Amino acid sequence: MRAVRFSVVTAAATVAALTAVTGCAQKSDGKGDGAVQVVAKDDSCEVSKKKLPAGHIELAVENKGSKVTEVYVLFPDDRIVAERENIGPGTKANITAEIKAGSYEIACKPGMKGHGIRQKLEITGASAAKRSPEMDKAVAEYRTYVQAQADETLPKAKKFTDAVAAGDIEAAKKAYADSRLGWERTEPVAESFGDIDPKVDIREDGLEDGQKWTGWHRLEKALWQDKKLGAEEKALAPVLYKDLLDWQKRVGTADITPTSMANGAKELLDEVATGKVTGEEERYSHTDLVDFKGNVEGAEKSYELLKPIASKNDAALTATLDKRFAELNTLLDKYREDKGSYEFTSYEKVSKADRKELSDAVNALAEPLSRLAAAVTK
Amino acid sequence: MSDQTQAAETTAGTAGPAPSRRALLGWGGAGLALGAVAAGGAVAAVRPGSDAVPAADSGAAVPFHGAHQAGIATAVQDRLHFAAFDVTTKDRAELVALLKEWTRAAERMTAGHAVGDGAYGGLAEAPPDDTGEALGLKPSRLTLTIGFGPSLFAKGRFGLEDKRPEALVDLPKFPGDNLDAARSGGDLCVQACADDPQVAVHAIRNLARIGMGRTAIRWSQLGFGKTSSTTPDAQTPRNMFGFKDGTRNISGTDTAALDKHVWVGGKDDAGWMTGGSYLVARRIRMHIETWDRTSLQEQEDVFGRDKGEGAAVGKSKEHDEPFLKAMLPTAHVRLAHPDSNDGATILRRGYSFTDGTDGLGRLDAGLFFIAYQRDVRKAFIPLQRRLAAHDALNEYIQHVGSAHFAVPPGVRDKDDWWGRALFS
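Residues numbered from 1 in each chain as written. Chains lettered and ligands numbered in written order. Predicted model: local features only at pLDDT ≥ 70, side-chain atom pairs only at ≥ 80, totals over all residues. Heavy atoms only, no water.

### Describing the overall build of chain B
Consideration 1: Scanning chain B from terminus to terminus reveals 10 helices and 9 strands.
Consideration 2: Out of the 424 residues belonging to chain B, those deemed buried represent 56%.
Consideration 3: In chain B, the share of contacts with a sequence separation of at least 24, taken over all contacts with a separation of at least 6, comes to 78%.
Consideration 4: Total accessible area computed for chain B in this model is approximately 16,700 Å², and 52% of it derives from carbon and sulfur atoms. (Helix = DSSP H or I, 4+ residues; strand = E, 2+ residues; numbered from the N terminus. Buried < 20%, exposed > 50% of the residue type's maximum accessible area, 1.4 Å probe, protein only. Contact = heavy atoms within 4.5 Å. Areas by Shrake-Rupley, 256 points an atom, 1.4 Å probe, with all protein chains shown as cover.)

### A closer look at the overall build of chain A
Consideration 1: Check the secondary structure of chain A and you find 12 helices and 10 strands.
Consideration 2: A burial count over chain A gives 54% of its 378 residues as buried.
Consideration 3: When contacts within chain A are restricted to residue pairs at least 6 apart in sequence, those whose partners lie at least 24 apart make up 71%.

### Focus: the pattern of salt bridges
Residue and element names in this part refer to chain A.
Consideration 1: Taken as a whole and judged by the stated rule, the model has 58 salt bridges over all chains.
Consideration 2: Glu-187 is the partner of Lys-276 in a salt bridge, and the nearest nitrogen-oxygen pair spans 4.0 Å. Of this pair, Lys-276 sits in helix H8 (residues 258-276) while Glu-187 sits in helix H4 (residues 187-191); the two residues are 89 residues apart in sequence, bridging distant segments of the chain. Across this residue pair, the class does not change: Lys-276 and Glu-187 are buried.
Consideration 3: Measuring nitrogen to oxygen at the nearest pair gives 3.0 Å for the salt bridge that ties Arg-336 to Asp-333.
Consideration 4: Salt bridges sharing partners connect three or more residues here, namely Arg-180, Glu-184, Glu-187, Asp-201, Arg-203, Glu-271, Lys-276, Glu-281, Glu-282 and Asp-291. (Salt bridge = Lys/Arg side-chain N within 4 Å of Asp/Glu carboxyl O.)

### Brief notes about the pairing of strand E9 (residues 397-407) of chain B
Residue and element names in this part refer to chain B.
Consideration 1: In terms of burial, E9 is a largely internal element, 10 of the 11 residues being buried.
Consideration 2: Sheet analysis places strand E5 (residues 277-286) next to E9, joined by 10 bridges and oriented antiparallel. Within the sheet, the bridge partner assigned to Arg-283 lies in E9 and is Gly-401. (Pairing = 2+ DSSP bridges.)

### Here's the deal with helix H2 (residues 133-165) of chain A
Consideration 1: Helix length check: H2(A) (33 residues) gives 47 Å between terminal C-alpha atoms against 48 Å at 1.5 Å per residue, within 8%.
Consideration 2: Positive backbone phi, approximately 75 degrees, marks Gly167(A), located one or two places after H2(A). (Expected span 1.5 Å × (residues − 1).)

### Side note on the nonpolar core
For soluble globular proteins, the rule of thumb is that nonpolar side chains tend to be buried together.
Consideration 1: Among the nonpolar cores identified, the biggest contains 76 residues, and Phe160(A), Leu244(A), Trp247(A), Leu289(A), Phe292(A), Leu358(A) and Leu372(A) are the most heavily contacted of them.
Consideration 2: For this core, the leading source of residues is H2(A), giving 12 residues.
Consideration 3: Excluding residues that lie within four positions of it along the chain, Leu244(A) makes contacts with Leu154(A), Ala157(A), Trp183(A), Val200(A) and Trp216(A).
Consideration 4: Within the second largest apolar cluster, 70 residues are counted, among which are Leu98(B), Leu168(B), Val169(B) and Ile204(B). (Core = buried A, V, L, I, M, F, W, Y, C linked by side-chain atoms within 4.5 Å.)

### Observations regarding the interface of chain B and chain A
Consideration 1: Counting residues at the interface gives 17 residues for chain B, matched by 15 residues for chain A.
Consideration 2: Interface of chain B and chain A: buried area, both sides summed, is about 1,300 Å²; carbon and sulfur atoms make up 50% of it.
Consideration 3: For the interface between chain B and chain A, the tally reads 3 salt bridges.
Consideration 4: At the boundary of chain B with chain A, the tally comes to 5 residue pairs in polar contact (both at pLDDT 80 or more).
Consideration 5: Each residue belonging to the side of chain B that touches chain A can be placed in one class, and the counts come to 7 nonpolar, 1 polar and 9 charged. (Buried area = accessible area lost by both parts, 1.4 Å probe. Polar contact = N/O pair within 3.5 Å; in protein donor to acceptor, adjacent residues only side chain to side chain. Nonpolar A, V, L, I, M, F, W, Y, C, P; charged D, E, K, R; others polar.)

### Some thoughts on the packing of helix H3 (residues 169-185) of chain A against helix H9 (residues 288-313) of chain A
All names here are of chain A.
Consideration 1: The interhelical angle for the contact between H3 and H9, taken along N-to-C directions, is 30 degrees, at an axis separation of 8 Å. Looking at the two axes, H3 sits roughly parallel to H9. Here H3 and H9 pass one another in a crossing that is right-handed. Here H3 contributes Ala-177, Arg-180, Leu-181, Glu-184 and Arg-185 to the contact with H9, which in turn contributes Val-290, Asp-291, Gly-294, Asn-295, Glu-297 and Gly-298.
Consideration 2: A per-class count over the contact of H3 with H9 returns 3 nonpolar, 3 polar and 5 charged. (Axes fitted to C-alpha atoms, helices over the stretch in contact; angles between N-to-C directions. Parallel < 35°, antiparallel > 145°, perpendicular 65-115°, else oblique. Left-handed = near helix turned anticlockwise from the far one by under 90°.)

### Quick word on the sheet that holds strand E7 (residues 80-87) of chain A
All names here are of chain A.
Consideration 1: The strand order E4-E10-E9-E6-E7 describes an open sheet built from 5 strands, whose pairing is mixed. At either margin of the open sheet sits one strand with a lone partner, and together these are strand E4 (51-53) and E7. Direction aside, the axes of adjacent strands within the sheet are offset by 20 degrees on average.
Consideration 2: The sheet contact formed by strand E6 (residues 69-74) and strand E9 (residues 102-108) spans 4 bridges and is antiparallel.

### A few points about the packing of H2(A) against helix H7 (residues 231-250) of chain A
Residues and elements named next belong to chain A.
Consideration 1: With their axes 9 Å apart at the nearest point, H2 and H7 run at an angle of 170 degrees to one another. Considered as vectors, H2 and H7 are oriented roughly antiparallel to each other. Along its contact with H2, which presents Gln-147, Gln-149, Ala-150, Asp-151, Thr-153, Leu-154, Ala-157, Lys-158, Phe-160, Thr-161, Val-164 and Ala-165, the element H7 presents Glu-233, Lys-234, Ala-237, Leu-240, Tyr-241, Leu-244, Leu-245, Trp-247 and Gln-248.
Consideration 2: Considered class by class, the residues forming the contact of H2 with H7 number 12 nonpolar, 5 polar and 4 charged.

### Focus on unusual backbone geometry
Consideration 1: Not every positive phi belongs to a glycine, and Lys227(A) is a case in point at roughly 55 degrees.
Consideration 2: A relative accessible area of 57% means that Lys227(A) is categorised as exposed.
Consideration 3: A positive phi is found at Ser140(B), a non-glycine position, where the angle reads about 55 degrees.
Consideration 4: Here Ser140(B) lies in the loop between helix H3 (92-110) and strand E2 (143-148).
Consideration 5: A residue is classified by how much of its surface remains accessible, and Ser140(B), at 7% relative accessible area, is buried.

### Some thoughts on the packing of aromatic side chains
Consideration 1: What the rule picks out here adds up to 23 aromatic pairs over all chains.
Consideration 2: On the numbers, 5.7 Å between centres and 45 degrees between planes, the contact of Phe369(B) with Phe380(B) is tilted. Taken together, the positions of Phe369(B) in strand E8 (residues 363-373) and Phe380(B) in helix H9 (residues 380-390) put the pair 11 residues apart, joining distant regions of the chain.
Consideration 3: Since its relative accessible area comes to 9%, Phe369(B) is described here as buried.
Consideration 4: Sitting above the plane of the Tyr72(A) ring, Lys109(A) keeps its charged end 4.4 Å from the centroid.
Consideration 5: Arg336(A) extends its terminal NZ or CZ atom over the ring of Tyr342(A), reaching a point 5.7 Å from the ring centre. (Phe/Tyr/Trp six-rings, centres within 6.5 Å; stacked < 30°, edge-to-face > 60°. Lys NZ or Arg CZ within 6 Å of the ring centre and 35° of its normal.)

### Let's talk about H9(A)
Consideration 1: The terminal C-alpha atoms of H9(A) lie 35 Å apart, and with 26 residues this matches the ideal 38 Å at 1.5 Å per residue to within 8%.
Consideration 2: Along H9(A), the sharpest change in direction is near 60 degrees and occurs at Lys307(A); proline Pro308(A) comes one to four residues later. (Bend = angle between axes of the 7 residues up to and from the residue.)

### Some points on the confidence of the model for chain A
Detailed reading of the predicted coordinates is not advisable wherever pLDDT is low.
Consideration 1: The predicted model of chain A has a mean per-residue pLDDT of 87, with 90% of residues at 70 or higher.
Consideration 2: This model gives residues 1-32 of chain A a pLDDT under 50, and the stretch forms 65 contacts once residues within four places in sequence are excluded. (pLDDT = per-residue confidence, 0-100.)

### A word on the pairing of E2(B)
Residues and elements named next belong to chain B.
Consideration 1: Extensive coverage of E2 is indicated by the burial of 6 of its 6 residues.
Consideration 2: Sheet topology places E2 next to strand E3 (residues 188-194); 6 bridges connect them, and they run antiparallel. From the neighbouring strand, Thr-143 faces E3, where its bridge partner is Cys-193.

### Overview of the environment of Phe148(B)
Consideration 1: For Phe148(B), the location among the structural elements is in strand E2.
Consideration 2: A C-alpha to C-alpha distance of 9.6 Å links Phe148(B) and Ala84(B), two positions 64 residues apart in sequence.

### What about the state of the cysteines?
Consideration 1: Per the stated rule, a full pass over the model turns up 1 disulfide over all chains.
Consideration 2: Paired by a disulfide, Cys45(A) and Cys108(A) hold their sulfur atoms 1.9 Å apart. Disulfide Cys45(A)-Cys108(A): the torsion about the S-S bond is 55 degrees, which places it as right-handed. In this pair, Cys45(A) is assigned in strand E3 (residues 45-47) and Cys108(A) in strand E9, connecting sequence segments 63 residues apart. A single burial state applies to Cys45(A) and to Cys108(A), both of which are buried.
Consideration 3: Cysteine Cys189(B) remains unbridged, with the sulfur of Cys193(B) as its closest cysteine sulfur at 11 Å.
Consideration 4: The class of Cys189(B) is buried, set by a relative accessible area of 0%. (Disulfide = S-S within 2.5 Å.)

Quick look at the structure:
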């Protein structure tokens, strides 16, 4: 990670936090005049109004089904405007939010799982920034990807933190790199929250005076350099897990746009160029190539989702990017036994000349990737 | 608009909006109309049709187009950024496209213009075409000179093995060499010379950026304080040892000497090189601290000159003809003089360098030696053999980097490009 990041993702997230939306849930029955009645059942989600003026809106939810449910108001890209969890069978809940004009969806999730049962909601009034349906689709799919990465990471992180807590050095070392992959694939989104990254992914030299060092790299140092797990390290393991749980819960609310996806892809390559290629990121475990691969995969995911849009505007650019992604992946494959595995050569064993070759390949990709945002938006 | 900028506009012959870096890809032979100033690349740019201000005095633009590449016989500028590149693409067409893009960018930068759509004012979402640090600076007599290394001609790479000139030999190992592979060789080189270091660095940075994915910088060297002059009527500059060296350098205006010793002739072995030259670059580390505690007598004996005036042993003025036999047999001037080498003559264009200090607290400094000649087998190699074997200076220097490049002839006009004769 870097100490300060003025990325589009961050900026957008900040703006969203200030202006868009507060999803507060109230306990009142809330059957006010303007309220939208939402009747949630196990197989349906009935909404009384599908068109509303922009501004303050209120949903009066009633769970008439047999399962615990949750109700969301979502942007077209699946970003959460407001939500209410844990609405038990036979109970009611109220959701309020400030909403700008645009297209939204209401989702009921019986059993609190899955995509939910969706209903359209049109908010009219002052104009909102318009985005094409294909852009919304790209963002929605990326949002799903980011969430899935976090969801898949938590059990892996648990394996790692449990091993540390139990003082099992060998098991912890084995689980370490794998526990980071999902994070590395989606790092710019995680970093957009600002507070999570410094807790889980900071390196010792990134600390401010007086800041307590927590997270993966603190444990990495204990495992590979100090070669022992003391009481403090054992106590820090569940803290890492808890912080990652926080990430998993919040990642769906990140403000994601086609531009932030494109810039996020470039930022992932920048992470490689400044941290992995130098061997700084994993200076004790030397598992840099695993992170490297994760960063590239995350960048490639953003790119693949944006490609249908970008290729219409700049076909030469996407042709170049296809080629350069393939070249970098081929080069990375040289450092692992088989393509399915994430067992990579220890970075200690990668020669200076080979590191330069990797660095050149990263630059070869990152330079045209820096033009993706423009190709998506023009 | 200042006079200098006007001069640059006229010289480059560009008008209207610049092509973007991306758009350059497809250019090929189309090109723009050109009111070219076809100078020999030798002397100063002069603003056509008005009070002639030599570029050397004004920081104006040196013409890019001409029979020979600028940056060889051109009056030596104050600063250098020299970069050697590896070609990372295997695709000949990609390499050719790059050379065309580089040529167009070089035309613009040597004229004092930004690359592509410039450094600002473009799409907000995209990084600017130009990196921007030369905005507001004069052209500063920037010259960009390209060369092709022996490795570019290797079999199975770009189909150039039959075009490798016989003169483009792999340099032999000289006694005392301690060459670092990471500071040696390269498929391509670009020599950027300018009176302003920022202008030279800007040029290499932009070319490197344009090249990413097709080329990668292998090594580069910054230089300052030119150590030789192609305007011999001016004073010969001093090297880091405090001595004048290279007094007998070829003048940039001495057409006969240039034709004889520097430019490749039509009857030399590779036709595509006619009008070009061969460049040898050597990074020569100087042991500054031990030199500084050497007695004045020894310092002067080592060079064969006096330190103050630069006159040869027994003479009073720098340009007085030296009497070689008055010097020690191991004196640098005596060994390097054409009279000791069957008339072998090179055009020197070296710069001093200081890359801070090394880990031992020693100044990491020396001479970045650059020599141009018609054929290294008749010039640099015999000369360096003699020096490496006998030069008293060897106690105080070591060659740590080395490269040899074929420097093609000049870009004639807006339709021409670096290396066209080689690749066509």
